[in-house]
Amino acid sequence: MKTTVLLSAARHPVSGREALARLEAQAIALATRLGGDIRGLHAGPESDALREALGVGLSKIDRIDAPNGSDPMEDLASHLRAAGPDLILAGRRGQGGLDSGLLPYRLAERLGLTLVADAIAIEAGSEAGTVRIDQALKKGDRRRVTVRLPVIVTVHPLAPPPAAFAYGAARRGMISTHPVNDPIRQEGQGSEWEERPYRNRPKLMRTASASSGDAAEKLFVDPDPKEAARLILDYLERNGIRQF
Amino acid sequence: MTAASLLPLLVLAMIVVAGVQIGRRALLWRSGSFADVDWVAGVKALPKRYLVDVHHVVDRDKSASRMHVPVAAGLVGSAGLLVLGLVPGIAGSRIYWAVVALAFAVMAAGVVLVARRRYPRAMPRLSLGRYQRTPVYLGLFAGGGLLCALLASFGDPLPFFSFLGLILAAAGGLALAAQAATGPMRHALAGAAHLALHPRPERFDERLPKGRATGLKPIDLDAAKLGREEPADFAWNRLLSFDACIQCGRCEAACPAFAAGQPLSPKHLIADLAAASGGGHASAYAGNPYPNERSVAREGGLHHAVIGTGGMVHPDTIWSCTTCRACVEECPMMIEHVDSIVDLRRYQTLEHGAVPGKGADILDNSRLTDEPNGHDVATRTDFAAGLDLKRLDDGARTDVLLWMGQAAFDMRGQRTLRALIKLLKEAKVDFAVLGEERDCGDLARRLGDEATFQRLARANIGALSKVGFQRILTADPHALHTLRNEYPAFGGDYEVVHHTAFLNDLVASGRLSPARLTGAAITYHDPCYLGRYNGEFDAPRALLDALGLERREMARSKRKSMCCGGGGGAPIADIPGDNRIPDLRMEQVRQTGAATVAVACPQCTAMLEGVTGDRAEVRDVAELLLDAVEAGRGEKAKTEARAREVETA
């Protein structure tokens with residue numbers, strides 16, 4: 001089985017230094033447990049985070065030499081199409097400046113692959129060419145799905161903790177650099193993102209006011225207590241909260 | 001031919017047998033890695049190191065020195081004299097035989113003292129097995145030799161008894177020689193060689209400060225293998241040092257982890273390391289087992305991993321160590337246990353990331369935020385809000401640079417630091433802190449992460465080179481030791497002073513005037529990294545005495561002080577035992593009857609304050625001094641007020 005772990009340009013939440021996102025370290029641990037040929041994939045300039053990834057279990061990383069701040073989606077898609085991994089692992093959310101957390105979904109759409117979100121365990125399925133994935137759902141629920149490869153899987157924080165960093169392993173690991181395929185993009189296209197100073201926005205709350213049409217019939221000012229009780233009971237019954 | 005005339009030949013036979021055995025051992029030592037050793041200086045210094053340094057340690061246990069002096073002197077003396085007897089003509093002299101008999105008699109007297117340590121019941125820290133049989137062989141050799149030589153000095157009137165003596169001496173002597181490679185007697189030759197070729201020759205030089213010989217040595221991070229995995233990775237003189245062990249067990253008796261039932265005995269570990277290179281124990285290890293021993297395969301070899309369930313030693317053993325150096329301090333053979341433990345840890349951490357407990361988190365934080373607990377180093381001075389703490393910008397100067405250390409992020413440590421800062425202000429000391437102080441790297445280094453330590457050390461040295469100061473003041477002995485003794489290897493030479501010494505100077509020079517405190521007695525707990533590591537025992541005591549409180553000493557104090565359990569990353573690894581080390585130490589505090597235990601280290605404070613139940617109050621020396629100074633200010637104000645009243649009246 002060929003596995004590729006996507007490595008983002010994450011930053012450490014305290015120091016702001018280039019660092020491996022914990023979710024990606026957990027993804028490496030899941031991939032290691034599954035076995036097979038495991039490679040990391042990163043699009044962007046050289047980063048200390050890649051050494052970190054080598055220190056927690058990866059031995060090979062492919063780096064696409066994309067300019068800083070560019071959208072890595074096309075580069076990753078064309079590399080993955082050529083490499084053809086069975087399993088692509090990514091974190092479920094970004095931890096860097098421009099990371100939106102949407103990349104796995106956009107890749108899945110682009111490559112026409114199935115995406116399984118929030119994995120906490122992955123093991124080989126009983127049938128060849130399938131994997132069994134445990135997903136973490138809300139309120140501690142778990143769901144086990146069996147999917148046919150290839151597939152993109154995002155990793156949930158409840159997945160097993162990552163391996164501890166080993167300096168010797170980080171030193172031994174190989175990072176191979178690949179040029180950007182698309183010559184136009186190589187020149188560094190401007191990002192479609194726009195940077196604006198942060199502004200506090202008012203909280204959105206549904207408010208009822210006498211002037212708005214729909215709310216008007218629900219607003220009663222200083223009603224008779226008995227009338228108020230009847231209105232409340234009507235409302236509860238109408239909405240199926242209280243039933244006779 | 002008389003029996004006595006065969007004695008010299010017996011000694012020659014013993015020398016040959018022992019030589020062959022030791023030679024086989026020396027071949028193993030040669031498979032160790034390179035070590036830079038000054039042979040000439042070492043051999044020259046050997047007599048002094050043996051007669052002064054070793055004797056000082058041996059003499060701390062009188063029963064050992066009283067037994068060792070006659071046995072060793074008698075054995076070496078009689079053997080030497082007998083070799084001399086090979087010179088034609090000498091062996092014919094009755095006076096010669098009388099002298100030989102005297103040497104044997106001295107040895108025999110020593111053997112009686114050896115036997116009294118082991119029979120009818122051996123002291124608990126001693127190893128049994130072969131070690132228990134050694135006095136028998138020594139006794140046979142001494143007794144037989146004495147009988148034979150004594151008869152020869154009378155002209156050999158009873159040939160039968162002479163031959164009987166010769167046979168006894170031959171049995172004992174050859175048994176001793178046959179075990180010269182793996183048995184107890186190997187400590188003699190390996191020990192002498194170890195003294196001459198010691199990996200830390202600086203520890204024998206009294207002119208150097210103690211700390212110079214206790215700092216860990218850096219490793220080359222570009223080496224093929226980081227740390228020590230198998231016996232062949234150790235420097236050859238380290239392999240030699242393991243063979244110097246005589247298994248006297250003083251290290252074990254002093255080891256806090258052993259006392260707390262954690263699976264560490266320094267003696268057992270050194271015996272295992274010595275046995276590992278030869279492929280396992282030649283005869284079963286006969287000392288106390290590791291407490292709560294974890295099972296391992298006990299398989300060894302020059303190229304077999306030492307640590308691991310498939311090796312000689314379980315990983316929990318090396319992670320139980322608090323690096324308190326009590327074992328090193330006690331070892332009469334001058335073995336450096338802590339160095340080897342850290343070397344083994346380095347391999348586990350750097351090559352495998354195999355740090356137990358919270359170690360991985362601590363090292364991740366140290367690597368990514370420069371602070372073991374993941375705090376933002378820019379917030380280190382937050383605790384001192386309102387204290388008007390001066391921060392040094394690049395290029396600025398100050399007299400004293402205050403190194404705050406990890407205590408700045410711990411609420412208990414902050415109380416101590418605030419007391420210290422108030423005292424410095426009171427004494428009008430010109431001091432400041434670094435704008436951004438990274439962790440000194442002590443914890444990372446002792447957890448085996450040399451890469452992170454070296455990075456932090458270089459970053460700190462870079463930051464320190466941008467500001468001007470006379471000396472560094474710190475309330476943390478771990479930071480003190482690291483900055484003072486471990487940074488010079490990276491180009492950072494600083495005068496570093498501990499707050500107890502600094503405050504003591506301020507009081508002695510009258511810049512602080514503490515009132516005499518009244519109250520219950522006090523005892524002082526020596527931090528390992530201040531006391532044993534740096535030899536500073538007196539300043540904190542002088543300071544406490546200046547406060548006027550009755551000071552009681554614990555049975556284990558100064559050089560023999562027991563660790564609080566907080567050093568070397570031991571609380572991080574958190575290897576379970578039967579007890580907690582700080583509980584044991586607090587019990588020793590209780591035995592003094594003191595109501596307060598004065599401490600001088602944030603680690604000790606945290607560990608001792610973590611003891612539950614009814615216990616002595618834990619106060620840092622700086623806090624006690626601040627109490628006294630504030631009381632003094634109150635008195636001064638009172639006397640001034642009274643003086644004013646008198647004036648107005």
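Remember, predicted model here, so these are calculated numbers, not experimental data.

> What should I look at first to understand the domain arrangement of chain A in this one?
Interface size is commonly expressed as the accessible area that is lost once the parts come together. Taken domain by domain, chain A comprises domain 1 (2-186) and domain 2 (200-244). The C-alpha-based centres of domain 1 of chain A and domain 2 of chain A are spaced at 49 Å.

> What exactly am I supposed to notice about the interface of chain B and chain A here?
Across the contact, 21 residues belong to chain B and 14 residues belong to chain A. Taking both partners together, chain B and chain A bury about 1,400 Å²; carbon and sulfur atoms supply 49% of that area. In this assembly, chain B and chain A are joined by four salt bridges. The interface formed by chain B and chain A includes eleven residue pairs in polar contact (both at pLDDT 80 or more). For the side of chain B that touches chain A, the elements supplying multiple residues, two or more each, are helix H14 (337-352), helix H15 (359-369) and helix H18 (450-465) of chain B. Tallied by class, the residues present in the side of chain B that touches chain A amount to eight nonpolar, six polar and seven charged.

> Just checking my understanding: could you explain the sheet that holds strand E9 (residues 617-620) of chain B for this structure?
Residue and element names in this part refer to chain B. Pairing in this open sheet of four strands is parallel, and the strands run E7-E6-E8-E9 from one edge to the other. Of all strands in the sheet, those with a lone pairing partner are strand E7 (551-552) and E9, marking the two edges. Across three bridges, strand E6 (residues 522-524) lies against strand E8 (residues 596-599) in parallel orientation. Bridging from a neighbouring strand, Thr523 pairs with Val597 of E8.

> How should I be thinking about the packing of aromatic side chains in this particular structure?
Aromatic rings in a pair are described by how distant their centres are and how their planes are angled relative to each other. Residue and element names in this part refer to chain B. Going through the model one piece at a time under the given rule, you end up with nine aromatic pairs over all chains. Ring geometry for Trp39 and Trp236: centres 5.7 Å apart, planes at 25°, overall stacked. With Trp39 in helix H2 (residues 39-58) and Trp236 in helix H8 (residues 236-243), the pair connects residues that are 197 residues apart, well separated along the chain. Given a relative accessible area of 17%, Trp236 falls into the buried group.

> What exactly am I supposed to notice about the packing of helix H5 (residues 130-153) of chain B against helix H6 (residues 159-178) of chain B here?
How two helices pack is summed up by the angle between their axes together with the distance between the axes. All names here are of chain B. The interhelical angle for the contact between H5 and H6, taken along N-to-C directions, is 150°, at an axis separation of 7 Å. Classified by the angle between their axes, H5 and H6 sit roughly antiparallel to one another. Note on packing geometry: the crossing formed by H5 with H6 is left-handed. Of the residues in H6, those in contact with Thr134, Tyr137, Leu138, Leu140, Phe141, Gly144, Gly145, Leu147, Cys148 and Leu151 of H5 are Phe161, Ser162, Gly165, Leu166, Leu168, Ala169, Gly172, Gly173, Ala175 and Leu176. Classifying every residue of the contact of H5 with H6 gives 13 nonpolar, seven polar and no charged.

> Even after reading the chapter, I still don't get the environment of Arg250 of chain B, so can you show me in this structure?
Residue and element names in this part refer to chain B. With respect to the element layout, Arg250 can be found in helix H9 (residues 250-254). The sequence separation of Arg250 and Tyr494 amounts to 244 residues, and the corresponding C-alpha distance is 35 Å. The residues contacting Arg250, other than those within four sequence positions of it, are Val57, Val58, Arg60, Asp61, Ala64, Arg125, Glu330 and Pro332. Polar side-chain contacts of Arg250 include one of 2.8 Å to the backbone oxygen of Val57.

> Just checking my understanding: could you explain the pairing of E9 of chain B for this structure?
Residue and element names in this part refer to chain B. Bridging between E8 and E9 involves four bridges; their strand directions are parallel. Following the sheet pairing, Val599 is matched in E9 by Asp620. Regarding the hand of the β-α-β motif, the stretch spanning E8, helix H24 (residues 602-609) and E9 is right-handed.

> Before we go on, may I ask you to explain the sheet that holds strand E2 (residues 400-403) of chain B in this structure?
Paired through backbone hydrogen bonds, the strands of a sheet run either parallel or antiparallel to each other. Residues and elements named next belong to chain B. With parallel pairing, five strands are arranged side by side in an open sheet as E1-E3-E2-E4-E5. Strand pairing shows two members of the sheet lacking a second neighbour, strand E1 (391-392) and strand E5 (496-498), which therefore form its edges. Note: E2 against strand E4 (residues 471-474), four bridges, orientation parallel. Pairing of Leu402 across the sheet is with Leu473, part of E4.

> For this particular structure, what's the right way to read the domain arrangement of chain B?
All names here are of chain B. Under the domain assignment, chain B is made up of domain 1 (4-196), domain 2 (211-352) and domain 3 (362-508). Just the C-alpha atoms count here: the centres of domain 2 and domain 3 sit 32 Å apart. Every contact between the two is made by 16 residues of domain 2 and, on the other side, 14 residues of domain 3. Summed over both partners, the interface of domain 2 with domain 3 comes to about 1,100 Å²; 61% of that surface belongs to carbon and sulfur atoms. Looking at the side of domain 2 facing domain 3, the largest losses of area belong to Leu216, Pro218 and Leu221, adding up to 37% of the total buried there.

> Just checking my understanding: could you explain the packing of helix H1 (residues 7-30) of chain B against H6 of chain B for this structure?
Residues and elements named next belong to chain B. At a closest axis distance of 8 Å, the pairing of H1 and H6 adopts a crossing angle of 15°. In this view, H1 runs roughly parallel relative to H6, as classed from their interaxial angle. Considering the relative orientation of H1 and H6, their crossing is right-handed. Residues Leu7, Leu10, Ala13, Met14, Val17, Ala18 and Gln21 of H1 lie in contact with H6, whose contacting residues are Leu166, Ala169, Ala170, Gly173, Leu174, Ala177 and Ala178.

> Quick question: what am I supposed to make of the UniProt feature "transmembrane region" (unreviewed entry) in chain B here?
Residues and elements named next belong to chain B. Under the UniProt annotation, the feature "transmembrane region" (unreviewed entry) is placed at residues 6-23, 69-89, 95-115 and 136-154. Here residues 69-89 runs as 76% helix and 0% strand, with 31 Å between its end C-alpha atoms. The span residues 95-115 carries 100% helix and 0% strand; its end-to-end C-alpha distance comes to 30 Å.

> Looking at this structure, I do not really get unusual backbone geometry. What am I missing?
Excluding glycine, residues mostly have negative phi values, and the peptide bonds linking residues are mostly trans. The omega torsion across Leu149 of chain A and Pro150 of chain A is 0°, close enough to zero to call that bond cis. Turning to its location among the elements, Pro150 of chain A is positioned in the loop between strand E7 (142-148) and strand E8 (151-155). Looking along the chain, the bond that leaves Tyr119 of chain B and enters Pro120 of chain B is cis, with omega of 0°. Here Pro120 of chain B shows up in the loop between helix H4 (94-118) and H5. Unusually for a residue other than glycine, Asp118 of chain A sits at a positive phi of about 60°. Locating Asp118 of chain A in the fold gives a position in strand E5 (residues 114-124). Look at Asp118 of chain A and you get buried, because its relative accessible area is 15%. Here Asp388 of chain B, not a glycine, exhibits a phi torsion of approximately 55°, which is positive. With respect to the element layout, Asp388 of chain B can be found in the loop between H15 and E1. Under the relative-accessibility criterion, Asp388 of chain B is labelled exposed at 63%.

> For this particular structure, what's the right way to read helix H11 (residues 266-277) of chain B?
Side chains that are three or four residues apart share a direction in an α-helix, a result of its 3.6 residues per turn. Residue and element names in this part refer to chain B. In this model, H11 (twelve residues) spans 17 Å end to end at C-alpha, consistent with the 16 Å of a helix rising 1.5 Å per residue. For H11, the complete set of buried residues consists of Pro266, Lys267, His268, Leu269, Ile270, Ala271, Asp272, Leu273, Ala274, Ala275, Ala276 and Ser277. Positive phi shows up at Gly279, right after H11, with a value of about 95°.

> Got a minute to help me understand the pattern of salt bridges in this structure?
Pairing is possible between side chains of opposite charge, provided their charged atoms come close. All told, the structure shown has 69 salt bridges over all chains when counted by the stated rule. Residue Glu127 of chain A pairs with Arg148 of chain A through a salt bridge whose shortest N-O separation is 2.9 Å. Of this pair, Glu127 of chain A sits in the loop between E5 and strand E6 (130-136) while Arg148 of chain A is found in strand E7, placing the two residues 21 residues apart along the sequence. Ionic pairing is found between Lys390 of chain B and Asp430 of chain B, a salt bridge with its closest N-O pair at 3.4 Å. Placement of Lys390 of chain B in the loop between H15 and E1 and of Asp430 of chain B in the loop between helix H16 (411-426) and strand E3 (431-434) is noted, with a sequence separation of 40 residues between them. A single network of salt bridges, built from pairs that share partners, joins Arg200, Glu202, Arg203, Lys217, Arg238, Arg325, Glu336 and Asp339 of chain B.

Definitions and cut-offs
Residues numbered from 1 in each chain as written. Chains lettered and ligands numbered in written order. Predicted model: local features only at pLDDT ≥ 70, side-chain atom pairs only at ≥ 80, totals over all residues. Heavy atoms only, no water. Domains from an automatic or database assignment. Contact = heavy atoms within 4.5 Å. Buried area = accessible area lost by both parts, 1.4 Å probe. Salt bridge = Lys/Arg side-chain N within 4 Å of Asp/Glu carboxyl O. Polar contact = N/O pair within 3.5 Å; in protein donor to acceptor, adjacent residues only side chain to side chain. Helix = DSSP H or I, 4+ residues; strand = E, 2+ residues; numbered from the N terminus. Nonpolar A, V, L, I, M, F, W, Y, C, P; charged D, E, K, R; others polar. Pairing = 2+ DSSP bridges. Phe/Tyr/Trp six-rings, centres within 6.5 Å; stacked < 30°, edge-to-face > 60°. Buried < 20%, exposed > 50% of the residue type's maximum accessible area, 1.4 Å probe, protein only. Axes fitted to C-alpha atoms, helices over the stretch in contact; angles between N-to-C directions. Parallel < 35°, antiparallel > 145°, perpendicular 65-115°, else oblique. Left-handed = near helix turned anticlockwise from the far one by under 90°. Right-handed = clockwise from strand over helix to strand, strands pointing away. UniProt positions renumbered as here; feature names shortened; annotations may be inferred. Expected span 1.5 Å × (residues − 1).

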